[in-house]
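These are the residues of each chain, in order.
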Amino acid sequence: MLIGQSPSIQALRKRIETVARTQPSVTVLIWGPSGSGKELVAQEIHRLNPLTSKGKFIPVDLSYVPRELAGSRLFGHERGAFTGAHDRRRGAFEEGAGGTVFLDEVSSISLEFQGMFLRVLQEREFSPLGSVRTIKTNARIIAASNENLWEKVQKGLFRQDLYFRLKVLQINVPPLADRKEDIPLLVRHFIKKHAAAVGCPPDLDVEEGVYEELASRQWPGNVRQLENVVIQSLASAEAGKKLRVRNLAPEGIESIPSRDGITASLLDLPYPEAHKEMQRIFREMYWARKLQQTGGNVSQAARLGGVLPASLHRMIRSSHIQARRMEND
Ligand SMILES: Nc1ncnc2c1ncn2[C@@H]1O[C@H](COP(=O)(O)OP(=O)(O)OP(=O)(O)O)[C@@H](O)[C@H]1O
Ligand SMILES: [Mg+2]
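Below you will find a few notes about this structure. All of these numbers come straight from a predicted model, not from anything done at the bench.

Digging into the nonpolar core
- V60, L74, F93, L103, V106, F117 and L166 are the most contacted members of the largest nonpolar core, which has 30 residues in total.
- It is helix α5 (residues 111-123) that contributes the most residues to this core, five residues altogether.
- Setting aside its immediate chain neighbours within four residues, V106 contacts L29, L62, F117, A143, A144, S145, L149, F158 and L166.
- With 24 residues, the next largest nonpolar core counts L176, V210, L214 and V229 among its residues.

What about the site of ligand 1?
- In the neighbourhood of ligand 1, 19 residues make up the surrounding shell, with I3, G35, K38, R224 and E227 lying closest.
- Taking 630 Å² as the accessible area of ligand 1 by itself, protein coverage stands at 86%.
- Take the shell around ligand 1: its biggest share by element is four residues, from helix α8 (residues 183-198).
- Taken domain by domain, the shell around ligand 1 gets at least three of its residues from each of domain 1 (7-172) and domain 2 (176-247).

With respect to unusual backbone geometry
- Of note, E105 is a non-glycine position whose phi angle comes to about 55°, a positive value.
- With relative accessibility at 10%, the residue E105 sits in the buried group.
- Even without being a glycine, R124 presents a positive backbone phi close to 60°.

Conventions we followed
- Residues numbered from 1 in each chain as written.
- Chains lettered and ligands numbered in written order.
- Predicted model: local features only at pLDDT ≥ 70, side-chain atom pairs only at ≥ 80, totals over all residues.
- Heavy atoms only, no water.
- Core = buried A, V, L, I, M, F, W, Y, C linked by side-chain atoms within 4.5 Å.
- Buried < 20%, exposed > 50% of the residue type's maximum accessible area, 1.4 Å probe, protein only.
- Helix = DSSP H or I, 4+ residues; strand = E, 2+ residues; numbered from the N terminus.
- Contact = heavy atoms within 4.5 Å.
- Near = heavy atom within 4 Å.
- Areas by Shrake-Rupley, 256 points an atom, 1.4 Å probe, with all protein chains shown as cover.
- Domains from an automatic or database assignment.

Following this line, the structure appears as structure tokens:
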């Protein structure tokens with residue numbers, strides 16, 4: 001279930017409903033930063049259309065599939081199609097008949113398979129590797145990417161015709177940084193979701209200040225990262241009591257915020273504030289990196305950055321976030 005009440009999540013829900021009403025033969029491209037909920041959005045589109053909801057939802061993560069296997073995973077193969085192909089195997093487009101095939105990180109498909117993929121989108125048919133048979137598919141194809149596909153097209157790594165074919169029906173998933181008001185709802189949801197596994201009550205008390213602290217972080221890894229922080233924090237909360245600020249795992253603090261995340265939220269501020277905020281983000285990113293490189297040693301980090309240790313200590317003191325990080329060290 002897609003949790004959130006922020007304006008951007010409400011708009012996303014509307015968009016999902018509109019898209020889900022289209023015929024399954026219409027391909028959908030979901031764009032959004034990593035961990036923002038792209039697969040969840042795809043599952044909603046699958047669930048809301050009566051022509052796909054009875055079939056399977058087949059996720060294929062193309063970013064981890066070695067190049068040779070990607071073709072087989074998508075199109076299937078005949079026995080002996082390549083070394084190691086001992087048996088015939090059905091691919092995602094066959095398995096997903098009457099359902100949905102979700103292609104995560106579609107930008108990773110090699111040029112070789114992009115042509116075959118285009119054929120599936122255009123003709124709704126394909127041939128398993130090593131076969132001349134033609135198989136029809138009626139699966140809804142939903143592709144996701146967190147990379148700028150157009151840049152890949154310009155570098156010659158992604159076919160332009162495939163790009164235009166994919167982007168007809170596009171959904172953008174906003175970064176968590178643009179919907180921080182959803183953090184309390186998401187945290188409650190994740191507590192309930194993981195309570196049993198970590199052995200805490202599903203309605204665990206949350207100390208005042210926890211949501212504020214989490215909302216002050218950058219979340220380059222978006223909702224997935226928030227979920228991880230909740231799991232880690234639950235594990236360190238005293239059994240059955242309260243989730244306290246001091247239990248919060250320090251993640252999301254020192255990681256580097258995404259450029260898009262920064263610009264999107266900063267561009268709405270008055271210039272002096274935006275400028276100050278940008279400097280603060282940069283200062284924190286910069287020193288978090290240096291401190292990471294030196295294992296938290298302030299003098300060494302200062303030397304690496306070309307300032308006096310006293311100056312870095314001052315910056316750390318004036319920065320809530322770094323100070324907390326140091327306490328944990
Ligand atoms: N709005 C939301 N409500 C509830 N759970 C969410 C929401 N968004 C994301 N999640 C949860 O966060 C985790 C990451 O989401 P998901 O896998 O859909 O992201 P993704 O964009 O596909 O990530 P990646 O780019 O890493 O593939 C999942 O456990 C998912 O259930
Ligand atoms: Mg994903």
